[in-house]
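# Analysis of the macromolecular model
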Amino acid sequence: GAMKGLNCLMSNAASIANWKKERTTNKEATAEAAMNALLKRSNIDISNLSVIHITGTKGKGSTCAIIDSVLRQVSLPTFLITSPNLVHPRERLRFCGQSISKPLFALHFWKLWDSFFSTRSHPCDMPSYFRYLTLMFFSFCTTSDLSQISPSSSFSTALRPIILEVGIGGRTDPTNITPQTEVCGINIIDYDHCELLGNTLESIAWEKSGIFKPGCFAFSVDSQTKEVQKVLEDRAKEKQVFNNQITYTPTLPSNYHLTLDGAFQRDNAGLALEITKQYLTHHKIAIDEDKIKTGLYNAKWPGRAMELNNIKLSKSEDNIKLYLDGAHTINSVRECIKWYKSKHDIKEDKGEKRVLMFNCKQNRNARELMREVWKEGGASKGGNKGWDRVVFCNVGVGEDLGTEWQEKNREIWGELEEEYGKEGKKAETVVYGMIGKGLDDVLEYGRKNKGRRVEVLVTGSLYLVGGVLEVLIERGVLEESIVDL
């Protein structure tokens, strides 16, 4: 019932389109007035939250997950909101690393639904999908009895860290509604959502630094461009953050260890480490280096640089290994391929078969994304083995969403092969409108190559990665807990 109601609300795509239209006439438009009105209608009080707010183009979810892991290690009851979800919207709302339970999700959904439905000024006067989930999160973290959510847990303090991952941008995001923030963090800034945030890194940085609040401690990774750093420093003064300055964080020192894979995660962890230490210091909580190291090591963030070994897509097949990464910008795809290459020597032919499962949104630059995947991960020039098969797959789970865009991607792939790999072999390419069919193709390919290792890289879209996990859970291949922190 709750999920049906949620899906009836204005979708993210529609609300983004509306927001884009509004911004064409008012560049200073924010969501503050609308969100405050919704908070009033729902009787949610967020005036006393202890907030850590994270934005950036890449790595903000990972950073939030690492912060959450470390704070849990020092016995703090963490509330975390992230987006998008991989399998179920409940993942977006977490307490101590676990997705909100189905009963609690329904409780907070219908509690807000009744409030909004009874105060409508017209039939369509309901929050959009993302705003609704954000408001559900605030309801969850402000009214929950911790002893009921986690009766077996004991916490060292009444302090409740509220960790907010920005959805899009920062300044106008629904998460940017708390009256005060204790610590802000900005991951690497890159080109994404340019139709909303602007076409330059400076304009994107300006929008994202809109999460700065007076007196907050402001941090950023130290790998920003000089132009971005200038914007962040100017905004830190304008917003009157602590000492009117932003602190830049280096990559995670070598004496700290991560289970999270991918070299880029050490930059995210370096930011998370400094934010966490500042938060603990601010609340006069002793910094226990052993607990911090354990929290860093235990941190998980599913769907990014994720390996699944010996996947049994059927009872008999176990020769398939999945590499999953939701990279969807040029630089993040480049990092994904570096991670993929670090797992094995792609110039050495050990008889394994390599499969790429790919999708990207239609507003992405598919050619440039695939160029990175082709050149770095599967190019035949220079002796690289290359991709044996490419599965272009729409993100449908349970229904076929068509293959028009996937056919276009296959056409682009062929052009890239002609452009770069004339002396190399060409990959077999197939298209599917739903993920289940794409996985069935991989399964059949595994059967045909029994006795050989079949290595599958799934990338280009977090929705594709999430859909693959969802189908594998539905088929009993994976447990639902695979998406827990």
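Residues numbered from 1 in each chain as written. Predicted model: local features only at pLDDT ≥ 70, side-chain atom pairs only at ≥ 80, totals over all residues. Heavy atoms only, no water.

## Comments concerning the pattern of salt bridges
- Summed over the entire model, instances satisfying the criterion amount to 25 salt bridges.
- Of the charged contacts, one joins lysine 321 and glutamate 307 as a salt bridge, the two residues approaching to 2.9 Å between their closest N and O atoms. Placement of lysine 321 in strand S10 (residues 320–324) and of glutamate 307 in strand S9 (residues 306–311) is noted, with a sequence separation of 14 residues between them.
- Under the relative-accessibility criterion, glutamate 307 is labelled partly exposed at 27%.
- One salt bridge in this structure joins arginine 367 and glutamate 415, with 2.3 Å as the shortest N-O distance. Here arginine 367 is found in helix H14 (residues 366–378), whereas its partner glutamate 415 is found in helix H15 (residues 404–420), with 48 residues between them in sequence.
- Owing to a relative accessible area of 32%, glutamate 415 belongs among the partly exposed residues under this scheme.
- Residues joined in a network through salt bridges with shared partners are Asp261, Glu307, Lys321 and Lys343. (Salt bridge = Lys/Arg side-chain N within 4 Å of Asp/Glu carboxyl O. Helix = DSSP H or I, 4+ residues; strand = E, 2+ residues; numbered from the N terminus. Buried < 20%, exposed > 50% of the residue type's maximum accessible area, 1.4 Å probe, protein only.)

## A short note on the confidence of the model for the protein
- Counting all residues, the mean pLDDT for the protein is 88, and 88% of those residues have values of 70 or more.
- Scored below 50 in pLDDT, residues 379–384 shows 13 contacts in the model against residues more than four places distant or in partner chains. (pLDDT = per-residue confidence, 0-100. Contact = heavy atoms within 4.5 Å.)

## What to know about the environment of arginine 453
- Counting through the fold element by element, arginine 453 comes out in the loop between helix H16 (435–448) and strand S14 (454–459).
- With a relative accessible area of 26%, arginine 453 lands in the partly exposed category.
- A C-alpha to C-alpha distance of 8.5 Å links arginine 453 and arginine 354, two positions 99 residues apart in sequence.

## As for H16
- Compared with an ideal rise of 1.5 Å per residue, which puts 14 residues at 20 Å, H16 spans 20 Å between its outermost C-alpha atoms and is within 8% of the ideal.
- Buried residues in H16 make contact with S10, strand S11 (353–358), strand S12 (389–396), strand S13 (428–434), S14 and helix H17 (462–474). (Expected span 1.5 Å × (residues − 1).)

## Quick word on the packing of aromatic side chains
- This model, assessed by the stated rule, comprises 16 aromatic pairs.
- With centroids separated by 4.9 Å and ring planes inclined at 55°, the aromatic side chains of phenylalanine 79 and phenylalanine 95 adopt a geometry described as tilted. Of this pair, phenylalanine 79 sits in strand S2 (residues 79–81) while phenylalanine 95 sits in strand S3 (residues 93–95), and the two are 16 residues apart along the sequence.
- For phenylalanine 79, a relative accessible area of 0% translates into the label buried.
- Three or more aromatic residues joined by ring pairs make a cluster, and in this case those are Phe109, Trp110, Trp113, Phe116, Phe117 and Tyr132.
- Its guanidinium or amino end placed over the ring of phenylalanine 117, arginine 120 lies 3.7 Å from that ring's centre, counting from NZ or CZ.
- Over the aromatic face of tryptophan 206 sits the side chain of arginine 235, whose NZ or CZ is 4.0 Å from the ring centroid. (Phe/Tyr/Trp six-rings, centres within 6.5 Å; stacked < 30°, edge-to-face > 60°. Lys NZ or Arg CZ within 6 Å of the ring centre and 35° of its normal.)

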